[in-house]
Amino acid sequence: MTQLSQTRDAVLTITADVKAHAPQVLAELRANGPVQRVRLSSGIEAWAVLSYEEARAALTHPALLRDPTPSEKALTDAGYTAHRVGVGIGGSMLQEDPPNHTRLRRLVAPAFSARRTKLLARRVHEITDGLIDAMAGHDEVDLVQAFTAPLPITVISELLGVPEGERDQFRDWTAAFLATPSDAQRAAGAALNAFMSALVDRKQAEPTDDLLSDLTAQSNAEDGRLSREELVATGSLLVIAGHETTVNLLGNALVALFRHPDQADVLRSRPELLEGAVEEFLRLDSSVEMATPRFAAADLTLGGVEIRRGDVVAVYLAAANRDLGDPFELDVTRPHARHIAFGHGIHHCLGAPLARMEATIALGALLNRFPELRPALPLEEVRWIPSGMMRGPLELRARLR
Ligand code: HEM
């Protein structure tokens, strides 16, 4: 049964309920050519970019921007409000083009440098070990709830300076925010913004040693380097981008290892392969399946297809990366592929060193502590998060012994 419904005008529909088969769906689509007309789960018609070469070209094309103004009609026709500064992550670097993008990214980049990230490794080990100790008394757990979600949430919260006991709703807000446009999505964005705004007030009154206090101080500077709205959007972006992506990288990696238990044994006996294996997990099943949409500011040609000003372009990082090796086989000894799971061009992921470090430590510790780790349910029954952009298991029940 094909997972794609072809409509009269040859628009293919990619909906959340095809998530279980997304790799096969994207491969089928890719076989028809590198750039295809689709309808996204949001209802928006877009050009899906599915090949590695074209994906890299799209992400660096001077006429493919994040400013949605030329596409306003396509967006409103689908019932979608173009992002606005002060709503959700509107006004954060991810939603902006230069020069705003450059200014906003520069303010945050030092906190995520490879050097600063290395300093966090010890704390990541501690958090990982704490979570593993808490699981160790059980025969069976949901790895998402017990491990893959709390680790990245704790790390990004500590970095930003979100006090313990105030992080409980991050997962739910993020899930709602990344789902199909709806009232629930808008409400989640607003709730996260309100939380962040109140936290900024507290950092202003009583600065602490964390990233949000630093940014709050920068926002108070009189040279207009960071407005209050941009500060709130940046904090909200870091919460969302800083955890959900990594939760899903870990979840996808574990599903891949459950499918290929021989590869888990290779990693147990050769832990020096872990770092490279993380690149292979990202290549095989990229947790950011689709990059944020690009909007055509001028007519252009991509992969032999004419794209008009105002058209929406959806770059499928997951499909592009499967061009780089066997699309469905995990090989933890594969030489590092130059995948684009962290994006490409000026929006290349700021948190890539942190995500890589968290994943290497977390997967290594989990495999080491639980030699009998295996799925508690047939893998065909895994349910996937209902997001058009992200890919990862909603829950992952596993036996620990
Ligand atoms: C941007 C992937 C973890 C912060 C991006 C983009 C991708 C991505 C694909 C570009 C989106 C686009 O061009 O539309 C991932 C993956 C992660 C991960 C796969 C984990 C496995 C993190 C972490 C942080 C982070 C831990 C940390 C705080 C950001 C930020 C941006 C970004 C701030 C925006 C950069 C910009 O617009 O210049 N990420 N990310 N990400 N990511 Fe990550």
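Residues numbered from 1 in each chain as written. Predicted model: local features only at pLDDT ≥ 70, side-chain atom pairs only at ≥ 80, totals over all residues. Heavy atoms only, no water.

### Some details on the side chain of Thr 360
Here Thr 360 shows up in helix H16 (residues 352–369). Each residue touching Thr 360, except ones within four places of it in the same chain, is listed here: Leu 274, Glu 275 and Val 278. (Helix = DSSP H or I, 4+ residues; strand = E, 2+ residues; numbered from the N terminus. Contact = heavy atoms within 4.5 Å.)

### A closer look at helix H12 (residues 228–259)
For H12, with 32 residues, the first-to-last C-alpha span of 47 Å sits near the 46 Å given by 1.5 Å per residue. By the criterion of burial, H12 is predominantly enclosed, with 28 of the 32 residues buried. (Expected span 1.5 Å × (residues − 1). Buried < 20%, exposed > 50% of the residue type's maximum accessible area, 1.4 Å probe, protein only.)

### Quick word on the coordination of the iron atom of the ligand
On the protein, Cys 349 (SG) is the one donor atom to the iron atom of the ligand, at 2.3 Å. For Cys 349, the location among the structural elements is in the loop between helix H15 (317–321) and H16. (Donors = N, O, S within 2.8 Å, 3.2 Å for Na, K, Ca; no water.)

### Details of the pairing of strand E3 (residues 35–39)
Looking down a regular strand, the side chains alternate between one sheet face and the other. By the bridge criterion, 2 bridges tie strand E2 (residues 12–13) to E3 in an arrangement that is parallel. Within E3, the residue paired with Thr 13 across the bridge is Arg 39. Bridge analysis of E3 against strand E4 (residues 45–49) gives 5 bridges, and the strand direction is antiparallel. Note on E4: the bridge partner recorded for Gln 36 is Ala 48. If you look at the hairpin formed by E3 and E4, you'll find 5 residues sitting between the two strands, and Gly 43 has a positive phi there, around 95°. (Pairing = 2+ DSSP bridges.)

### Describing the sheet that holds strand E11 (residues 374–375)
The strand order across the open sheet formed by 3 strands is E6-E12-E11, and the pairing between neighbours is antiparallel. Whereas interior strands pair on both sides, the edge strands pair on one side only; in this sheet they are strand E6 (140–142) and E11. As judged from the 3 bridges shared by E6 and strand E12 (residues 397–399), these two strands associate in the antiparallel manner. By the bridge assignment, Asp 142 is partnered in E12 with Arg 397.

### Here we look at the site of the ligand
Near the ligand lie 28 residues; those nearest to it are His 101, Arg 105, Thr 292, His 347 and Cys 349. The separation between a nitrogen atom of the ligand and a polar main-chain atom of Ala 241 is 3.4 Å. Within the backbone of Ile 346, an N or O atom sits 3.4 Å from an oxygen atom of the ligand. Of all the secondary structure elements, the ones that give two or more residues to the shell around the ligand are helix H4 (100–108) and H12. In terms of residue count, the dominant contributor to the shell around the ligand is H12 (7 residues). Residues belonging to the shell around the ligand are distributed by class as follows: 17 nonpolar, 9 polar and 2 charged. (Near = heavy atom within 4 Å. Polar contact = N/O pair within 3.5 Å; in protein donor to acceptor, adjacent residues only side chain to side chain. Nonpolar A, V, L, I, M, F, W, Y, C, P; charged D, E, K, R; others polar.)

### Some words on the side chain of Asn 321
Tracing the sequence through the fold places Asn 321 in helix H15. Engagement of the side chain of Asn 321 in a polar contact is seen with the backbone nitrogen of Ile 340, the distance being 2.7 Å. Non-local contacts of Asn 321, meaning those with residues more than four positions away in its chain, are made with Leu 282, Arg 283, Ser 286, His 339, Ile 340 and Ala 341.

### A closer look at the packing of aromatic side chains
Counting across every chain of the model gives 3 aromatic pairs. Residues Phe 170 and Trp 173 carry aromatic rings whose centres are separated by 6.3 Å and whose planes lie at 40° to one another, so their mutual orientation is tilted. Taken together, the positions of Phe 170 and Trp 173, both in helix H9 (residues 170–178) and 3 residues apart, correspond to about one turn of that helix. With relative accessibility at 1%, the residue Phe 170 sits in the buried group. Their ring planes at 55° and their centres at 6.0 Å tell us that Trp 173 and Phe 195 sit as a pair that is tilted. Taken together, the residues Trp 173 in helix H9 and Phe 195 in helix H10 (residues 183–205) connect sequence positions 22 residues apart. Exposure remark for Phe 195: the relative accessible area of 16% places this residue in the buried category. Each member of the aromatic cluster is reached from another via a ring pair, and the members are Phe 170, Trp 173 and Phe 195. It is Arg 37 that lies over the ring of Trp 47; its NZ or CZ is 4.8 Å from the centre. (Phe/Tyr/Trp six-rings, centres within 6.5 Å; stacked < 30°, edge-to-face > 60°. Lys NZ or Arg CZ within 6 Å of the ring centre and 35° of its normal.)

### Thoughts on the environment of Ile 44
Within the secondary structure, Ile 44 is located in the loop between E3 and E4. Accessibility expressed as a relative area gives 6% for Ile 44, which makes it buried. Taking the C-alpha atoms as reference, Ile 44 lies 8.0 Å from Val 312; in sequence the two are 268 residues apart. In this view, Ile 44 contacts Val 38, Arg 39, Leu 75, Ala 78, Tyr 80 and Val 312; residues no more than four positions away in its chain are not counted.

### Some words on the pattern of salt bridges
Scanning the entire structure with this criterion turns up 23 salt bridges. The salt bridge involving Arg 103 is made with Glu 230; its shortest N-O contact spans 2.8 Å. With Arg 103 in helix H4 and Glu 230 in helix H12, this pair connects stretches of sequence that are 127 residues apart. On the basis of relative accessible area, Arg 103 is assigned to the partly exposed category, the value being 24%. Here Glu 140 and Arg 399 are joined by a salt bridge, their closest N and O atoms 3.2 Å apart. Of this pair, Glu 140 sits in strand E6 while Arg 399 sits in strand E12; the two residues are 259 residues apart in sequence, bridging distant segments of the chain. For Arg 399, a relative accessible area of 28% puts it in the partly exposed group. Salt bridges sharing partners connect three or more residues here, namely Arg 37, Arg 39 and Glu 45. (Salt bridge = Lys/Arg side-chain N within 4 Å of Asp/Glu carboxyl O.)

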